[in-house]
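Chains, contacts and geometry: an overview
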Amino acid sequence: MKKIRQPIIAVLGHVDHGKTTLLDRIRRTNVAGKEAGGITQHIGATEVPIETVKQLAGPLIKLWKGEIKLPGLLFIDTPGHEAFTSLRARGGSLADLAVLIVDVNEGFQPQTIESIEILRKNRTPFIVAANKIDRIKGWKVEEDEPFLVNIKKQDQRAQQELETKLWELIGKFYEMGFNANRFDRVQDFTRELAIIPISAKYGIGVPELLVLIAGLSQKYLEEKLKIEVEGPARGTILEVREELGLGTTIDVIIYDGTLRKDDTIVVGGKDKAIVTKIRALLKPKPLDEIRDPRFRFDQVDEVAAAAGIKIAAPGLEEALAGSPVIAARSEEEVERAKAEILGQIQSVVISTGKV
Ligand code: GDP
């Protein structure tokens, strides 16, 4: 059976430009009441259900004429993560879409440019969040307000200052070969980069940011997001971690298929493919249920893409962040997965000249 999975979203940008603050703000988003489903915490990721996006968006959802069929958005929690930036032999990165965050008062900085280069190399579509607009002199803050509502409350001078700063950004993007524009002035999202002015600290513009991510994913990534949900899982390692009582575990973002407790997995290591049986699939316990820090996880029998999950299994000591995880349900599938992973290790060695 085919289903459309959540797009996987990464937030990138220069240090201190607001990646963590934005993710915190999104994590705290819990629109009026739990009926909307609220936010689900994954391992290494945060899921915003589409109902929450729709509630936040209100009339903004009309920015998109078509219906939004995505189940939600999955944000990778660790900004600028190695799994995102490291080379993947077959091109592309773990993220389906990225948010490049730029402090509008500081403009382009070295890691802004570096992030753009990574996105370009991986052909990852992205949108730009021009952050910290609340720092503009005299800016009137209304928490969680859509930008297009908030901007109308600003006096002429503050509006003008924002315009000037946005034009500076647009100029910098132009120098790097991108046509960028404020999102509400974009005619064609396939040719122009959309810039959304936001305040991550106060949530201004975050409604538009979420709506735009959902709309762009629906419109341009739908085919990529269609997966055979019952198929064997595929994922990428975010982190290799020691856990008290569990040994070495891997935190994995699953982007295809379903991972089951009794699956065999083939995992990328530094210079080999590790074949092992899953011991436990673990997801975080809700925060209010953690009474003893030794028991921070709940076991599950299976997990379908897209999701972040911790895997406990023997032999993971040499697993490598950024590497693939492929589930296999037969000897033949194990062999095929091993060959694929070894092939990737080879091509990374060839293209970078290092292990
Ligand atoms: P990161 O390094 O990109 O993760 O940046 P952080 O999220 O840690 O933010 C760096 C600093 O900028 C922190 O002190 C934040 O409180 C502050 N900051 C982030 N976003 C905003 C914003 O929208 N407005 C204001 N005034 N400060 C912000």
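Note: the structure precedes this text.
Residues numbered from 1 in each chain as written. Predicted model: local features only at pLDDT ≥ 70, side-chain atom pairs only at ≥ 80, totals over all residues. Heavy atoms only, no water.

Our next topic: the overall build of the protein chain. From N to C terminus, the protein chain includes eight helices and 20 strands. Buried positions account for 54% of the 355 residues belonging to the protein chain. As displayed, the protein chain offers around 16,700 Å² of accessible surface, 50% of which is attributable to carbon and sulfur atoms. (Helix = DSSP H or I, 4+ residues; strand = E, 2+ residues; numbered from the N terminus. Buried < 20%, exposed > 50% of the residue type's maximum accessible area, 1.4 Å probe, protein only. Areas by Shrake-Rupley, 256 points an atom, 1.4 Å probe, with all protein chains shown as cover.)

Now for the sheet that holds strand β12 (residues 247-256). The strand order across the open sheet formed by eight strands is β15-β14-β20-β11-β12-β19-β16-β17, and the pairing between neighbours is antiparallel. Each edge of the sheet is formed by a strand with only one pairing partner; in this case those strands are β15 (273-277) and β17 (297-300). Within the sheet, the average angular offset between the axes of one strand and its neighbour, ignoring direction, is 40°. Of the strand pairs in this sheet, strand β16 (residues 280-284) and β17 are connected by four bridges, and their pairing is antiparallel. Looking at the pairing, P284 lines up with F297 of β17. (Pairing = 2+ DSSP bridges. Axes fitted to C-alpha atoms, helices over the stretch in contact; angles between N-to-C directions.)

Neighbouring residues of the ligand: 15 residues in total, closest D16, K19, T20, T21 and D134. At 2.7 Å, a side-chain N or O of D134 approaches a nitrogen atom of the ligand. In the complex, the protein chains occlude 77% of the 580 Å² of accessible area that the ligand would expose alone. With three residues, helix α1 (residues 19-28) is the largest single contributor of residues to the shell around the ligand. The residue makeup of the shell around the ligand, split by class, is two nonpolar, seven polar and six charged. (Near = heavy atom within 4 Å. Polar contact = N/O pair within 3.5 Å; in protein donor to acceptor, adjacent residues only side chain to side chain. Nonpolar A, V, L, I, M, F, W, Y, C, P; charged D, E, K, R; others polar.)

This paragraph deals with the packing of aromatic side chains. Under the definition given, this model contains four aromatic pairs. Ring centres of F126 and F178 lie 5.6 Å apart, and the angle between their planes is 80°; this geometry places the pair in the edge-to-face category. On the criterion of sequence distance, the pair formed by F126 in strand β7 (residues 126-131) and F178 in the loop between α6 (156-175) and β8 (180-182) is long-range, its members being 52 residues apart. For the pair formed by F126 and F178, the shared burial category is buried. Where F173 meets F178, the ring centres are 6.4 Å apart and the plane angle is 90°; that geometry is what we call edge-to-face. Taking relative accessible area as the criterion, F173 reaches 0% and is therefore assigned buried. Owing to a relative accessible area of 17%, F178 belongs among the buried residues under this scheme. Grouped by ring-pair contacts, the aromatic residues F108, F126, F173 and F178 constitute a single cluster. (Phe/Tyr/Trp six-rings, centres within 6.5 Å; stacked < 30°, edge-to-face > 60°.)

Across all of its chains, the model carries 30 salt bridges by this definition. Across the pair E222 and K69 runs a salt bridge whose closest N-O atoms are separated by 3.4 Å. Note that E222 is positioned in helix α7 (residues 206-225) and K69 in the loop between α2 (50-57) and β5 (72-76), a separation of 153 residues in sequence. Among the salt bridges present, the one from K261 reaches D301, with a minimum N-O distance of 3.3 Å. In this pair, K261 sits in the loop between β13 (258-260) and β14 (264-268) while D301 sits in the loop between β17 and β18 (302-304), placing the two residues 40 residues apart along the sequence. With a relative accessible area of 51%, D301 lands in the exposed category. Through salt bridges with shared partners, a single network forms among E239, R241, E243, D251, R296 and K310. (Salt bridge = Lys/Arg side-chain N within 4 Å of Asp/Glu carboxyl O.)

Counting residues in hydrophobic clusters, the biggest one holds 75 residues, and the most contacted among them are L22, F75 and F173. When residues of this core are assigned to their parent elements, the largest contribution, ten residues, is made by α7. Not counting residues within four places of it along the chain, the set of residues in contact with F173 comprises L100, F108, I116, F126, V128, F178, A180, L193 and I195. Counting 23 residues, the second-largest nonpolar core is a separate cluster that includes I237, A307, A313 and A319. (Core = buried A, V, L, I, M, F, W, Y, C linked by side-chain atoms within 4.5 Å. Contact = heavy atoms within 4.5 Å.)

A separate point is the environment of S217. Position of S217 relative to the elements: it lies in helix α7. Using a relative accessible area of 0% as the deciding quantity, one classes S217 as buried. C-alpha of S217 to C-alpha of Q55: the two residues are 162 residues apart in sequence and 18 Å apart in space. Residue contacts for S217: discarding those within four places in its chain leaves P7, L70, L97, E222 and L225. In this structure the side chain of S217 is engaged in a polar contact, spanning 2.7 Å, whose partner is the backbone oxygen of I213.

Taken together, the eight strands give an open sheet; going across it, the order is β3-β4-β5-β2-β6-β7-β9-β8, and neighbouring strands pair in mixed fashion. Strands at the two margins of the open sheet, each flanked by one partner only, are β3 (40-41) and β8. In the sheet, β3 pairs with strand β4 (residues 45-49) via two bridges, with the strands oriented antiparallel. When the sheet's bridge partners are listed, T40 is paired in β4 with E47. The sheet contacts of α2 involve β4 and β5, and relative to β4 the element is tilted by about 60°. On top of the sheet, helix α4 (residues 110-122) reaches β2 (8-13), β6 (97-103) and β7; it is set at about 165° to β6, its chief contact.

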